[in-house]
Amino acid sequence: MTKTKIFSIAVLLSSNASSMAFTQPRFGANRAETSIFMSSSGPEIEVISQADEEFLKKKGVFSWGTWGCGVSKFPWTYGENESCYLLEGKVTVTPDDGRAAATFGKGDFVTFPAGMSCTWDVSEAVQKHFLFF
């Protein structure tokens, strides 16, 4: 879990299920926007859109391992949490258990929860820094 400050908390309720949404609003051109959602299936995929350099340096992203793949579609299960920073590409990850799909690309910082099974749909070749924790 990132140590990003949470600036607002909204609780979303529906008649069939409840979920919590935590958001950090955009405060300027250099401030990234982040969302963390909880569903009845477990933690959602967290995407920080266009993460700024200060955030990435604090995380040590540029010393993490790298991985890449071409356009493809494949199943994946996360045995641990993973954070990654996309250097290139575009991906849609769809969890198998009904959690919300996430689409992200170059410049985005993404965290996947441990235990989630999903399908990666890579529409543009990916190159990323990654860290399992």
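Enquirer: I'm lost on the overall build of the protein in this one. Help?
Expert: Within the protein, the regular secondary structure consists of one helix and 11 strands. When the helices and strands of the protein are read in sequence order from the N terminus, they spell out β-β-β-β-β-α-β-β-β-β-β-β. The buried share of the protein, taken over its 133 residues, is 37%. A sequence separation of at least 24 residues applies to 62% of the contacts in the protein between residues at least 6 apart. Looking at the protein as shown, the accessible area adds up to about 7500 Å², and 55% of this sits on carbon and sulfur atoms.

Enquirer: Explanation requested: the environment of Gly89 in the structure shown.
Expert: Structurally, the position occupied by Gly89 is in strand E8 (residues 82–95). Residue classification places Gly89 among the buried positions, given a relative accessible area of 11%. In sequence terms Gly89 and Glu124 are 35 residues apart; their C-alpha atoms lie 4.6 Å from each other. With residues up to four places along the chain from it excluded, the contact list for Gly89 reads Phe104, Gly105, Lys106, Glu124, Ala125 and Val126.

Enquirer: Which parts of the structure should I look at to understand the side chain of Ser83?
Expert: The topology assignment puts Ser83 in strand E8. Overall, the relative accessible area of 5% leaves Ser83 in the buried class. With sequence-adjacent residues up to four places away left out, Ser83 is seen in contact with Trp64, Phe109, Val110, Thr111, His129, Phe130, Leu131 and Phe133.

Enquirer: Can you walk me through the pattern of salt bridges in this structure?
Expert: Pairing is possible between side chains of opposite charge, provided their charged atoms come close. Scanning the model with the defined rule gives four salt bridges in all. Of the charged contacts, one joins Glu82 and Lys128 as a salt bridge, the two residues approaching to 2.7 Å between their closest N and O atoms. With Glu82 in strand E8 and Lys128 in strand E11 (residues 117–132), the pair connects residues that are 46 residues apart, well separated along the chain. Neither residue differs from the other here; Glu82 and Lys128 are each classed as buried. A salt bridge links Asp97 to Arg99, with the shortest nitrogen-to-oxygen separation between them at 2.9 Å. Note on Asp97: relative accessible area 35%, which makes it partly exposed. Since its relative accessible area comes to 9%, Arg99 is described here as buried.

Enquirer: Help me understand the environment of Asp108, please; the structure alone is not making it clear to me.
Expert: Inspection of the secondary structure puts Asp108 in the loop between strand E9 (102–105) and strand E10 (109–112). Here Asp108 falls in the buried class, since its relative accessible area comes to 8%. Sequence-wise, Asp108 and Val47 are 61 residues apart; in three dimensions their C-alpha atoms are separated by 6.8 Å. Every residue in contact with Asp108, bar those within four places of it in the chain, is listed here: Val47, Ile48, Ser49, Gln50, Cys84, Tyr85 and Leu86. In this structure the side chain of Asp108 is engaged in a polar contact, spanning 2.9 Å, whose partner is the backbone nitrogen of Gln50.

Enquirer: Explain the pairing of E11 here, please?
Expert: The side chains of a regular strand alternate between the sheet's two faces. Sheet topology note: the strand E6 (residues 65–69)/E11 ladder contains five bridges and is antiparallel. The residue of E11 that forms the bridge with Trp67 is Lys128. In terms of strand pairing, strand E7 (residues 72–77) meets E11 through six bridges, oriented antiparallel. If you follow Ser72 over to E11, its bridge partner there is Val122.

Cut-offs and rules
- Residues numbered from 1 in each chain as written.
- Predicted model: local features only at pLDDT ≥ 70, side-chain atom pairs only at ≥ 80, totals over all residues.
- Heavy atoms only, no water.
- Helix = DSSP H or I, 4+ residues; strand = E, 2+ residues; numbered from the N terminus.
- Buried < 20%, exposed > 50% of the residue type's maximum accessible area, 1.4 Å probe, protein only.
- Contact = heavy atoms within 4.5 Å.
- Areas by Shrake-Rupley, 256 points an atom, 1.4 Å probe, with all protein chains shown as cover.
- Salt bridge = Lys/Arg side-chain N within 4 Å of Asp/Glu carboxyl O.
- Polar contact = N/O pair within 3.5 Å; in protein donor to acceptor, adjacent residues only side chain to side chain.
- Pairing = 2+ DSSP bridges.

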